[in-house]
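Here's the letter readout for the chains.
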Amino acid sequence: MARDSSATKARLLDAAFSEFAAYGIAGARVDRIAEAAQANKRLIYVYYGNKEQLFDAVLRRALETGSESVPFSPDDLPGYAGAVFDHLVARPSLMRLVLWKQLERPGATDAEAESYRGKIAVVEDAQKAGHVDGSLDPADVLTLVMGLSQAWFGAVGGPAAGDSGTGWAAERLAQHRAAVVEAVRRITAPRRDPA
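Residues numbered from 1 in each chain as written. Predicted model: local features only at pLDDT ≥ 70, side-chain atom pairs only at ≥ 80, totals over all residues. Heavy atoms only, no water.

## Describing the overall build of the protein chain
Test applied: Numbering of helices and strands runs from the N terminus, with a helix taken as a DSSP run of H or I at least four residues long and a strand as a DSSP run of E at least two residues long. Every residue pair with non-hydrogen atoms within 4.5 Å of one another is taken to be in contact. Only the protein chains shown count as cover for residues, with accessible areas throughout obtained via the Shrake-Rupley method and a probe of 1.4 Å. Only four residue types enter the tally: Lys and Arg on the positive side, Asp and Glu on the negative side, with His and both chain ends excluded. Where a charge lies is defined by one atom per residue type: Lys uses NZ, Arg uses CZ, Asp uses CG and Glu uses CD.
Across its full length, the protein chain holds 9 helices and 0 strands. When the helices and strands of the protein chain are placed in sequence order, the string is α-α-α-α-α-α-α-α-α. Seen through its principal axes, the protein chain has C-alpha atoms that stretch 75 × 40 × 30 Å. Considering only residue pairs separated by 6 or more positions, the protein chain has 64% of its internal contacts joining residues 24 or more positions apart. Only carbon and sulfur atoms are counted for the fraction: they give 53% of the accessible area of the protein chain, which is about 11,300 Å². Averaging the locations of the 23 positively and 25 negatively charged side chains of the protein chain gives two centres separated by 6 Å.

Below, the structure is given as C-alpha cells:
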C-alpha cells in the first residue's frame, strides 16, 4: 500500500500550526508535532528540513489561506479591514502565530515583503485615481488598515479578553468590528473639497 505523502504533509502542517501558535518556534517540540500528526518525526526533516523551515512552511500556508479567504480590495478598505477582523476572530490561533513570528523572527520574509509591496502599489494607484485619500503615504495607509483590523487581538487587558477572559461577547465583538470599519473608512475616505 502506497503512503499518501500529501495527507501526511497536511497533518504535519496542521499539528505544527497548533504547536507553533501555542509555544512559538523556540518552545515548539518536534516530538509533539509528530505525535499530534500521527507521523514519524523523521518525516518532518524529510519534508521540511528543520523546525525553522517547518515554521516557514506553516506561516506561508497561513498567509496563502488568508489571501484566498480575504481578497484585498483598495476600493473597499473598510470592508477589507472588517473581513480581516472576521478572519482573525474565526482563527484566534493565527494571531498568536503571527505574534510569535514577530517576537522570535522579526522582519519580513520574502513572501510577506512581496505581498506588502503589491498591496502598497495597489493602494497608491487607488490614491492616484481618487478612491483613497492621498494625504498619507500608501505604506502608512496599508499599515494602519492592517493595524486597526488586528488591534483587538493584541490589546493587553483590552476588550478582547471579555469579562471572564475566556471569550468575546457577541455584542461587544460586533461593536468593535464596527469601530474598526469606521476608523478605516475615516482614514481612507477621499477628501472632498468644500463647495
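Having seen it, we continue.
## A word on the pattern of salt bridges
Side chains bearing opposite charge may pair, as long as their charged atoms lie close to each other. Test applied: A side-chain nitrogen of Lys or Arg and a carboxyl oxygen of Asp or Glu constitute a salt bridge if their distance falls within 4 Å.
By the definition in use, this model includes 11 salt bridges. K41 is paired through a salt bridge with D31; the nearest N and O atoms lie 3.1 Å apart. Of the two residues, K41 is situated in helix 3 (residues 41-48) and D31 in helix 2 (residues 30-37); the sequence distance between them amounts to 10 residues. The network of salt bridges with shared partners includes E182, R185 and R186.

## Concerning unusual backbone geometry
For residues other than glycine, phi is negative in most cases, and the peptide bonds are mostly trans. The line we're drawing: The cut-offs for exposure are 20% and 50% of the maximum accessible area for each residue type, with area from a 1.4 Å probe on protein chains only; residues under the lower value are buried, those over the upper are exposed, and the others partly exposed.
Non-glycine residue Q38 carries a positive phi angle of around 55 degrees. According to the relative accessible area criterion, Q38 is exposed, its value standing at 68%.

## Notes on the confidence of the model for the protein chain
Condition: As a per-residue measure, pLDDT tells how confident the predictor is, with possible values from 0 to 100.
Per-chain confidence: the protein chain averages 88 in pLDDT, with 91% of residues scoring 70 or above. Averaged pLDDT values for the elements of the protein chain fall to 89 in helix 6 (residues 92-104) and rise to 96 in helix 2.

## So, the side chain of E19
By the element assignment, E19 lies in helix 1 (residues 5-27). With residues up to four places along the chain from it excluded, the contact list for E19 reads G24, G27, A28, R29, R32 and I33.

## Section: the layout of surface pockets
Stated formally: Any residue with an atom within 4 Å of a point lines the site, the site being either a cavity, points on a 1 Å grid over the protein atoms alone where a 1.4 Å probe fits but cannot get out, or a pocket, an open set with protein on both sides within 12 Å along at least 5 of 7 lines. Grid points are joined across faces, edges and corners, and a volume is the space filled by probe spheres set on the points. Under the convention adopted here, Pro, Cys and the residues Ala, Val, Leu, Ile, Met, Phe, Trp and Tyr are nonpolar, Asp, Glu, Lys and Arg are charged, and Gly plus all remaining residues are polar.
In this model, the largest pocket occupies a volume close to 910 Å³. Lining the largest pocket are 32 residues; nearest its centre among them are L63, E112, Y116, M146 and Q150. Counting residues per element, the ones that place at least two in the lining of the largest pocket are helix 4 (51-69), helix 5 (77-90), helix 6, helix 7 (110-128) and helix 8 (138-154). Among the elements that take part in the lining of the largest pocket, helix 4 stands out by supplying 7 residues, more than any other. Its residues assigned to classes, the lining of the largest pocket shows 17 nonpolar, 9 polar and 6 charged.

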